[in-house]
Amino acid sequence: MSRTAGTSKRTETVATDAGEARITWLPARDARLVLAVGHGAGGGIEARDLQALAAVLPGRGVTVALVEQPWRVAGKKVAPAPRTLDTAWTGLWPALTAPGLPVVAGGRSAGARVACRTAAALGARAVLALSFPLHPPGKPEKSRRDELLGAGVPVLVVQGGRDPFGRPEEFPAGDHGLVEVPYADHGFAVPKKAPLTQDQAMDLLAGAVAGWLDGLPRPA
């Protein structure tokens, strides 16, 4: 899939009750919606899946907003409690809706959990859950399925085939969509011996997300 950069990338700092967050905007020409995606607890917006979406979607009419939580902006190495993450996401939501377009809330790993927990209250159009951490590695009994199933809006899960936080076959039945990236781990890295390359894996991911976004019903 061809990758098209945004027309006028810019950054915006937003004050929240949890500290200053940062949004990197990659606008689409004639945008029809905004996809806001947050990072996980172990990394930032440089994650390969977030960057793949940022490279592709603006060319498909979707403005991408890469959201950095205050703890990352402040240079801290450990993410705060889920409640604090939710507070920051809620505080920056008005900035995400400022363009006047429907907003799809998304994120990878911990960011996906934030999006699911807050979507209904914030009026998100839908949720994109990348590498949703269904359970801690090796502890399937500590399931976070209620967060996923309780999002209250359309949800797409994109999951690596060998993700230790929850393989695709472990996910509960529900109204959400589920796309597998074969052989990929929690960071969507694929082994060199896999029958698909890393670029092909990212093309699969970005194509699936783009198709799902295209299929969302338009607001009345």
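Structural data are supplied above this passage.
Small disclaimer: the values here were computed from a predicted structure and weren't measured.

Peer 1: Which parts of the structure should I look at to understand the sheet that holds strand β5 (residues 103–108)?
Peer 2: The strands making up a sheet associate through backbone hydrogen bonding, with each pair oriented either parallel or antiparallel. In space, the eight strands of this open sheet follow the order β1-β2-β4-β3-β5-β6-β7-β8, with mixed pairing throughout. A single partner strand is all that each edge strand has here, and the edge strands are β1 (10–16) and β8 (177–181). Neighbour-to-neighbour, the strand axes of this sheet turn through a mean angle of 20 degrees, independent of strand direction. Packed onto the sheet, helix α1 (residues 48–56) meets β2 (19–26), β3 (33–38), β4 (62–68), β5 and β6 (126–130) and runs at close to 150 degrees relative to β4. Those strands touched by helix α3 (residues 82–97) are β1, β2, β3, β4 and β5, and its axis lies near 135 degrees from that of β1.

Peer 1: Just to check I follow, could you spell out the pattern of salt bridges for this structure?
Peer 2: Under the defined criterion, the tally for this structure stands at 11 salt bridges. Between E46 and R72 there is a salt bridge, with its nearest N and O atoms 3.7 Å apart. You can see E46 sitting in the loop between β3 and α1 and its partner R72 sitting in helix α2 (residues 70–73), a full 26 residues away along the chain. E46 gets classed as exposed once you look at its relative accessible area, which sits at 51%. Residue E170 is joined to R167 by a salt bridge in which the shortest nitrogen-to-oxygen separation is 3.6 Å. On the basis of relative accessible area, R167 is assigned to the partly exposed category, the value being 36%. Through salt bridges with shared partners, a single network forms among D86, R113, R117 and E147.

Peer 1: Help me understand α1 in this model?
Peer 2: Across the nine residues of α1, seven count as buried, placing the element largely inside the fold. The set of residues buried in α1 consists of D49, L50, A52, L53, A54, A55 and V56. Of the surrounding elements, those touching the buried residues of α1 are β2, β3, β4, β5, β6 and α6 (198–215).

Rules and cut-offs
- Residues numbered from 1 in each chain as written.
- Predicted model: local features only at pLDDT ≥ 70, side-chain atom pairs only at ≥ 80, totals over all residues.
- Heavy atoms only, no water.
- Pairing = 2+ DSSP bridges.
- Helix = DSSP H or I, 4+ residues; strand = E, 2+ residues; numbered from the N terminus.
- Axes fitted to C-alpha atoms, helices over the stretch in contact; angles between N-to-C directions.
- Contact = heavy atoms within 4.5 Å.
- Salt bridge = Lys/Arg side-chain N within 4 Å of Asp/Glu carboxyl O.
- Buried < 20%, exposed > 50% of the residue type's maximum accessible area, 1.4 Å probe, protein only.

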